[in-house]
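Read off the chains here:
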Amino acid sequence: FIIGALVFFLPTGLVAAELASGWGQRGGIFRWVGEAMGPGLAFTCLLILWFQTSINFGMGVASASATIGFYTPDWLAQCNVSNVTPTPEAFNPFADGFSLTNLALAAGVFFSFAGIDMNAAHIKQLKKPQKEFPLSIFIAMILTLIIFIAGTVCIAIVTPKQDMNLVYGLYQTYKILGAT
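About the cut-offs
Residues numbered from 1 in each chain as written. Predicted model: local features only at pLDDT ≥ 70, side-chain atom pairs only at ≥ 80, totals over all residues. Heavy atoms only, no water. Helix = DSSP H or I, 4+ residues; strand = E, 2+ residues; numbered from the N terminus. Buried < 20%, exposed > 50% of the residue type's maximum accessible area, 1.4 Å probe, protein only. Contact = heavy atoms within 4.5 Å. Areas by Shrake-Rupley, 256 points an atom, 1.4 Å probe, with all protein chains shown as cover. Axes fitted to C-alpha atoms, helices over the stretch in contact; angles between N-to-C directions. Parallel < 35°, antiparallel > 145°, perpendicular 65-115°, else oblique. Left-handed = near helix turned anticlockwise from the far one by under 90°. Nonpolar A, V, L, I, M, F, W, Y, C, P; charged D, E, K, R; others polar. Core = buried A, V, L, I, M, F, W, Y, C linked by side-chain atoms within 4.5 Å.

**Concerning the overall build of the protein chain**
In terms of helices and strands, the protein chain carries 6 helices and 0 strands. Put simply, the protein chain runs from its N terminus to its C terminus through helices and strands in the order α-α-α-α-α-α. Burial analysis of the protein chain (180 residues in total) assigns 20% to the buried set. In the protein chain, of all internal contacts separated by at least 6 residues, the share reaching a separation of at least 24 is 66%. Surface accessibility of the protein chain: about 12,300 Å² in total, with carbon and sulfur atoms responsible for 71%.

So this is what it looks like as structure tokens:
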């Protein structure tokens, strides 16, 4: 997550800020793509973004509901053991060598940071955008890292390693917590 934040989140946020402040009028991705490639592709891009956002928000509501419904703060206090052994190898994504699984994991991490460009459309509303926007991106990056790392650690604590699945890991964790 830290590599993804530094390589994807931070640069994307700053590039979006540059694009948002490049024209006299307000606007987000429709304005940027429209200026570069015309209104047809801008509309297409906006439509794709709308579908992606709608689906992600829709899935997020169900995911949040499941989290609230099955969350038990004293799960480990019920005589269960953690499935995580904190060793240096546990924090190395390439401990088992480079594989397609690692590539899929990296893609998932980068995708989880998607959307940072959305707030750049409001850069014109800031009093000192050159100072305030990079600071807000940095704060958002730190908060996002804390949330993602804490959630990943929770999944790793609850789900046994042999049952971990890159696609269904979160829902496996809900199932385990719900069964508990």
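What follows continues from the structure just given.
**Side note on the packing of helix α1 (residues 2–20) against helix α5 (residues 129–158)**
In the contact formed by α1 and α5, the axes pass within 10 Å of each other and the chain directions differ by 150 degrees. Here α1 is positioned roughly antiparallel relative to α5, judged by the angle of their axes. Regarding α1 and α5, the two cross each other, and that crossing is right-handed. Contacts between α1 and α5 involve Ile2, Ala5, Leu6, Phe9, Leu10, Gly13, Leu14 and Ala17 from the first element and Phe133, Pro134, Ile137, Ala140, Met141, Thr144, Leu145 and Ile149 from the second. The residue makeup of the contact of α1 with α5, split by class, is 14 nonpolar, 2 polar and no charged.

**A look at the environment of Leu126**
Mapped onto the secondary structure, Leu126 falls in the loop between α4 (100–112) and α5. For Leu126, a relative accessible area of 31% puts it in the partly exposed group. In contact with Leu126, not counting residues within four places along its chain, are Glu132 and Phe133.

**Digging into the side chain of Thr144**
Looking at the element boundaries, Thr144 is found in helix α5. Apart from residues no more than four positions distant in its own chain, Thr144 is found in contact with Phe9 and Phe113.

**Let's talk about the environment of Pro160**
Tracing the backbone shows Pro160 in the loop between α5 and α6 (169–179). It is 5.4 Å that separates the C-alpha atoms of Pro160 and Asn83, two residues lying 77 residues apart in sequence. Excluding its chain neighbours within four sequence positions, the residues that come into contact with Pro160 are Asn83 and Ile176.

**Overview of the nonpolar core**
Within the largest apolar cluster, 15 residues are counted, with the highest numbers of intra-cluster contacts made by Ala5, Phe9, Phe113, Ala120 and Phe133. Contributions of two or more residues to this core are made by α1 and α5. Element by element, the count of residues in this core is highest for α1, at 5 residues.

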